Amino acid sequence: MPKTRIHGYSDKISVKAGDTIRFMVSAEGTDQAQAQLVRLIHGDQHPDGPGFIEKECDAALNRAWPVCHQPVQNGSFLTVADPQNRLAPDGAFTLHTFLFPNAPALGRQAIMGRWAEDANAGYCLSIDETGTLEFRVGDGARVAAVTTGKPLVGQVWYFVSASYDPATGHATICQDGALNRYNSLLSKIVPFDYAARVERALDVHPRMDADTPFLIGGASHAGAGRGPFVTHCLNGKVDRPGVQGGVAADTVLDSLRAGKAPAAQGTIAWWDTATGYTDRGVVGDRITDAGPHGLDAEGVNRPVRGQTGWNWAGLNDHYRLAPQEYGGVEFHDDALTDCKWEPAFDFTVPADLKSGVYAVRLRDPAGAAEEYIPFFVRAATPRAKICM
């Protein structure tokens, strides 16, 4: 029998008379939660103090409410709307990006691709369980992969690419250091060989499911009872990722590695991560596709923009001074901005409720789980001369 748990949060932390506050609740092991409005008098449980003190208050919300389990999507990533399935090419293609892995040994991390983890279908450029760059394809039954065989070094900029031709099954994966004396944990003076290039024939043809999104910084998954979510979230930065049609020639990859924009002809998508900056900050979570098809990427759980990129030269300390050196977009596997749960109930603050610290106390009918969702009620007309 699953352990009973109740979790919740409110859409506001501070309210006054007449305001309505909504409470989002998720529960496991129960389908009901008894709500009780309480005023928190003292919260310090130190043995020399008075201990925890609360006062129950009359309120319309004091009743049992139906609740259900609501999952949480952790991790930041970018998703690309692709109604014409341009990122599910029938022919050969090449993936490329500058990559700054924060913790390559953290476990499997998806860099970019159209991969369904639950179905083992699609394609993905990723970091495998050993911290090594990997390109994989899956047809729903079988998975084939090629790796560089050389584990990535954390907090070092790389240029990475993977090309694949389904007609022959030929796949090539490459990595090369893109570090200078400022942009990485290590400098070029450290005698380390970052480069690797491996070619292999893969005997699996990727199955491109229409409902599998193209993601940067994650892979899709559909869990039983949970629905679709994103897994294998990246912990690190990418800069100017792109997809080329066909197997990119070495001259094309050399040009991309040098930081040049790809030619429109042959480009499926190229996300210019160094644009979207203004004097007032970063504009939204959208990253523009500078390619010919307008496949803009939209951030989920706020990938961090305005980060130093692969070509940061150490002189300019803000993206307003040198935007082209701040193309880094940083992802974190535990990032969260909004659970996006459905509200379980709401509460309109009555005029006679004293200002103070309050909470909605939630308990399951058996008393096995308890949760407090705190909020502040401020005076309708402030009269205090000081604020502490």
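Residues numbered from 1 in each chain as written. Predicted model: local features only at pLDDT ≥ 70, side-chain atom pairs only at ≥ 80, totals over all residues. Heavy atoms only, no water.

Along its length, the protein carries one helix and 29 strands. Seen along its three principal axes, the alpha-carbon backbone of the protein occupies a region of about 75 × 50 × 40 Å. Counting all 388 residues of the protein, 48% fall into the buried class. Intrachain contacts of the protein at a sequence separation of at least 6 include 67% that bridge at least 24 residues. (Helix = DSSP H or I, 4+ residues; strand = E, 2+ residues; numbered from the N terminus. Buried < 20%, exposed > 50% of the residue type's maximum accessible area, 1.4 Å probe, protein only. Contact = heavy atoms within 4.5 Å.)

Turning next to the nonpolar core. The tendency in soluble globular proteins is for nonpolar side chains to be buried side by side. Of all hydrophobic cores here, the largest spans 42 residues; its most connected members are Leu87, Met112, Leu125, Phe135, Phe214 and Trp271. For this core, the element with the most residues is strand E13 (residues 158–165), which contributes four residues. Residues Ile6, Val349, Leu353 and Phe375 belong to the second largest nonpolar core, which totals 24 residues. (Core = buried A, V, L, I, M, F, W, Y, C linked by side-chain atoms within 4.5 Å.)

A separate point is a nonpolar patch on the surface. A surface patch of nonpolar side chains, about 250 Å² in accessible area, is lined by Ile13, Val357 and Phe376. Its place among the elements puts Ile13 in the loop between strand E1 (5–10) and strand E2 (14–15). Of the residues examined, Ile13 reaches a relative accessible area of 49% and is grouped as partly exposed. (Patch = residues over 30% accessible without salt bridge, like charges linked within 9 Å, V, L, I, M, F, W, Y side chains within 5 Å. Areas by Shrake-Rupley, 256 points an atom, 1.4 Å probe, with all protein chains shown as cover. Salt bridge = Lys/Arg side-chain N within 4 Å of Asp/Glu carboxyl O.)

Counted by the stated rule, this structure contains zero disulfides. Sulfur of Cys233: no disulfide; nearest cysteine sulfur belongs to Cys124 and is 11 Å away. A residue is classified by how much of its surface remains accessible, and Cys233, at 9% relative accessible area, is buried. (Disulfide = S-S within 2.5 Å.)

Let us look at the sheet that holds strand E3 (residues 20–28). Pairing is antiparallel in the open sheet, where three strands are placed in the order E1-E3-E27. Both outer strands of the open sheet, E1 and strand E27 (343–348), are each paired with one neighbouring strand and no more. Here the average twist between neighbouring strands, direction ignored, is 25°. Inspection of the sheet shows E3 paired to E27 by five bridges, in the antiparallel sense. For Phe23, the partnering residue across the bridge sits in E27 and is Phe345. (Pairing = 2+ DSSP bridges. Axes fitted to C-alpha atoms, helices over the stretch in contact; angles between N-to-C directions.)

Now for the pattern of salt bridges. Considering all chains together, one arrives at 19 salt bridges under this definition. Residues Arg108 and Glu134 are paired through a salt bridge, measuring 2.6 Å at the closest nitrogen-oxygen approach. Taken together, the residues span a long stretch of sequence, with Arg108 in the loop between strand E8 (93–101) and strand E9 (109–116) and Glu134 in strand E11 (residues 132–139) at a distance of 26 residues. Residue Arg108 is classed as buried on the basis of its relative accessible area, which comes to 14%. One salt bridge connects Asp285 with Arg302, and the closest N-O pair in it is separated by 2.9 Å. Pair noted here: Asp285 is in the loop between strand E22 (281–282) and strand E23 (286–287) and Arg302 is in the loop between strand E24 (297–300) and strand E25 (304–307), with a separation of 17 residues, a long-range link. Asp285 gets classed as buried once you look at its relative accessible area, which sits at 17%. Within the structure, one salt-bridge network assembled from shared partners comprises Arg108, Glu129, Glu134 and Arg136.

The next thing to look at is the environment of Pro101. Inspection of the secondary structure puts Pro101 in strand E8. Note on Pro101: relative accessible area 1%, which makes it buried. Taking the C-alpha atoms as reference points, Pro101 and Gly131, separated by 30 residues in sequence, lie 9.3 Å from one another. Not counting residues within four places of it along the chain, the set of residues in contact with Pro101 comprises Ile127, Leu152, Val153, Gly154, Gln155, Val156, Tyr158, Asn235 and Gly236.

With that out of the way, let us pick up the side chain of Asn301. Mapped onto the secondary structure, Asn301 falls in the loop between E24 and E25. A polar side-chain atom of Asn301 sits 2.8 Å from the main-chain carbonyl oxygen of Gln73. Those residues within four positions of Asn301 in sequence are excluded, and the remaining contacts are Gln73, Asn74, Gly75, Ser76, Ala335, Leu336, Thr337 and Asp338. (Polar contact = N/O pair within 3.5 Å; in protein donor to acceptor, adjacent residues only side chain to side chain.)

Let's shift gears to the packing of aromatic side chains. Going through the model one piece at a time under the given rule, you end up with 18 aromatic pairs. Relative to Phe159, the ring of Phe98 lies with its centre 5.2 Å away and its plane at 65°, an arrangement referred to as edge-to-face. A residue pair is termed long-range when its members are at least 10 positions apart, and Phe98 in strand E8 and Phe159 in strand E13 qualify at 61 residues. By relative accessible area, which is 2% here, Phe98 ends up buried. Look at Phe159 and you get buried, because its relative accessible area is 3%. Ring centres of Tyr123 and Phe214 lie 6.5 Å apart, and the angle between their planes is 50°; on these two criteria the pair is classed as tilted. A residue pair is termed long-range when its members are at least 10 positions apart, and Tyr123 in strand E10 (residues 121–127) and Phe214 in strand E16 (residues 214–216) qualify at 91 residues. The pair formed by Tyr123 and Phe214 is uniform in burial state, with each residue classed as buried. In textbook terms, an aromatic cluster arises when at least three aromatic residues are bridged by ring pairs, as seen for Phe93, Tyr123, Phe135, Tyr164, Phe214 and Trp271. Above the plane of the ring of Trp65 lies Arg63, whose end atom (NZ or CZ) is 3.8 Å from the centre. Just above the ring of Phe100 sits the side chain of Lys237; from NZ or CZ to the centre is 4.6 Å. (Phe/Tyr/Trp six-rings, centres within 6.5 Å; stacked < 30°, edge-to-face > 60°. Lys NZ or Arg CZ within 6 Å of the ring centre and 35° of its normal.)

Structurally, the position occupied by Asn120 is in the loop between E9 and E10. Excluding residues that lie within four positions of it along the chain, Asn120 makes contacts with Trp115, Gly138, Asp139, Gly140, Arg142 and Val143.

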